[in-house]
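Structural features, examined
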Amino acid sequence: MKVTVIRRRALTLVLAVLVVLTGAAQAQATGYRYWSFWDRDGERWTYATQGPSLARPSDGDVQGFRFAVSEDSNDAARPRGAAEFAVICARTPARDGTKRVALVIDFGTAADAPSGEAPPARRTACARVSPEATTAEALAAVAKPLRYDTNALLCAISGYPAKGCGEPVVEGEQKKEASGASGGGPSLGLVAGIAVVVVLGAAGVWQVRRRRDG
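1. Notes on the overall build of the protein chain
The number of helices and strands found in the protein chain is 5 helices and 8 strands. Along the protein chain, from the amino end to the carboxyl end, the secondary structure elements read α-β-β-β-α-β-β-α-β-β-β-α-α. In the protein chain, which comprises 214 residues, the share counted as buried stands at 32%. Long-range contacts, defined as pairs at least 24 residues apart, comprise 67% of the intrachain contacts of the protein chain with a sequence gap of at least 6. Counting every atom, the protein chain has about 12600 Å² of accessible surface; 55% of that belongs to carbon and sulfur.

2. Considerations on the side chain of Asp106
Counting through the fold element by element, Asp106 comes out in strand S4 (residues 99-106). From its side chain, Asp106 meets the backbone nitrogen of Gly108 in a polar contact 2.9 Å long. For Asp106, the residues in contact, after removing those within four places along its chain, are Trp35, Phe65, Arg66, Phe67, Arg78, Pro79, Arg80 and Arg122.

3. Some details on the pairing of S4
Most of S4 is tucked away: 8 of the 8 residues are buried. Neither face of S4 is exposed, since Lys99, Val101, Leu103 and Ile105 on one face and Arg100, Ala102, Val104 and Asp106 on the opposite face are all buried. For strand S3 (residues 62-70) and S4, the ladder comprises 5 bridges, and the chain directions are parallel. The residue bridging Arg66 from the neighbouring strand is Asp106, located in S4.

4. Some remarks on the confidence of the model for the protein chain
Residue-level pLDDT values for the protein chain average 80, and 66% of them are 70 or greater. The low-confidence segment residues 13-27, where pLDDT is below 50, has 13 contacts with residues more than four positions distant or belonging to other chains.

5. Brief notes about helix H3 (residues 135-142)
Within the span of H3, buried status applies to Thr135, Ala136, Ala138 and Leu139. The buried side chains of H3 occupy one side of the element, clustering within an arc of 160 degrees when seen end-on. Those residues of H3 that are buried are in contact with strand S1 (30-41), S3, S4, strand S5 (123-129), strand S6 (147-148) and strand S7 (154-156).

6. With respect to unusual backbone geometry
Omega for the peptide link from Lys144 to Pro145 comes to -5 degrees, which places this bond in the cis form. Tracing the chain through its elements places Pro145 in the loop between H3 and S6. The step from Tyr160 to Pro161 runs through a cis peptide bond, and the omega angle for that step is -5 degrees. Along the chain, Pro161 turns up in the loop between S7 and strand S8 (168-170). Even without a glycine there, the phi angle at Ala152 is positive, about 70 degrees. Topologically, Ala152 is positioned in the loop between S6 and S7. Here Ala152 falls in the partly exposed class, since its relative accessible area comes to 48%.

7. Digging into the packing of aromatic side chains
Summed over the entire model, instances satisfying the criterion amount to 6 aromatic pairs. Here the aromatic rings of Trp35 and Phe67 are separated by 5.4 Å at their centres, their planes lie at 55 degrees, and the arrangement is tilted. A residue pair is termed long-range when its members are at least 10 positions apart, and Trp35 in strand S1 and Phe67 in strand S3 qualify at 32 residues. Both residues of the pair, Trp35 and Phe67, count as buried. Ring geometry for Trp38 versus Tyr47: centroids 5.1 Å apart, planes at 75 degrees, classification edge-to-face. Classification of Trp38 by relative accessible area gives buried; the value is 1%. Owing to a relative accessible area of 31%, Tyr47 belongs among the partly exposed residues under this scheme. The residue whose ring lies beneath Arg40 is Trp45, and the NZ or CZ to ring-centre distance is 5.0 Å.

8. Some points on the nonpolar core
Ranked by internal contacts, the top residues of the largest apolar core, which has 20 residues, are Trp35, Phe65, Leu103, Ile105, Leu139 and Ile157. Listing elements by their share of this core, those giving two or more residues are S1, S3, S4, S5 and H3. Here the element with the most residues in this core is S4; it accounts for 3 residues. Formed by 12 residues, the second largest nonpolar core is a distinct cluster that contains Tyr34, Ala76, Phe85 and Ala102.

Procedures and definitions
Residues numbered from 1 in each chain as written. Predicted model: local features only at pLDDT ≥ 70, side-chain atom pairs only at ≥ 80, totals over all residues. Heavy atoms only, no water. Helix = DSSP H or I, 4+ residues; strand = E, 2+ residues; numbered from the N terminus. Buried < 20%, exposed > 50% of the residue type's maximum accessible area, 1.4 Å probe, protein only. Contact = heavy atoms within 4.5 Å. Areas by Shrake-Rupley, 256 points an atom, 1.4 Å probe, with all protein chains shown as cover. Polar contact = N/O pair within 3.5 Å; in protein donor to acceptor, adjacent residues only side chain to side chain. Pairing = 2+ DSSP bridges. pLDDT = per-residue confidence, 0-100. Arc of directions from axis to C-beta. Phe/Tyr/Trp six-rings, centres within 6.5 Å; stacked < 30°, edge-to-face > 60°. Lys NZ or Arg CZ within 6 Å of the ring centre and 35° of its normal. Core = buried A, V, L, I, M, F, W, Y, C linked by side-chain atoms within 4.5 Å.

Dropping the structure here:
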């Protein structure tokens, strides 16, 4: 009877450990560090359906860029702060043969920054460009230098970040970059080590009691 109880307890411990390990593995989701592109629709930001090199905004449009780590467009971080065309372009009067595009450039948070870099403060700008200009051309008019990769993916605005372009980032690594090597919770390796100790300890107790009962 005692042996059966011990076995059940050991099995319960093993199952608990597996749950912890599975949860830890799932928590380390992979995201991507990149500049997302947004359209302003009334009071809301909507993820742009075209890239900035293809989009051709109209006079009076508001568009935004946000640097962050996200898995896909569904969880992408939106540009922060107010985004009103009348405010952003208040000092840029209309002119014949041109259009004005209000841009919100959000460099993100320290948690999303690449290691060794600090995000600049969020800024807005009013780009006065030709009527046929794309968003990429409007951005280049007010936020140089821009950096693109070989696939025309926007990698940096105003030189930020200095390197990298859409690289994958594991959630645990992102937190470690933000808080330093000493911060954060236990690693998956540590949890696994604890699990082994717990399982071996339960097995040892069971063996000792088995010998006694034998």
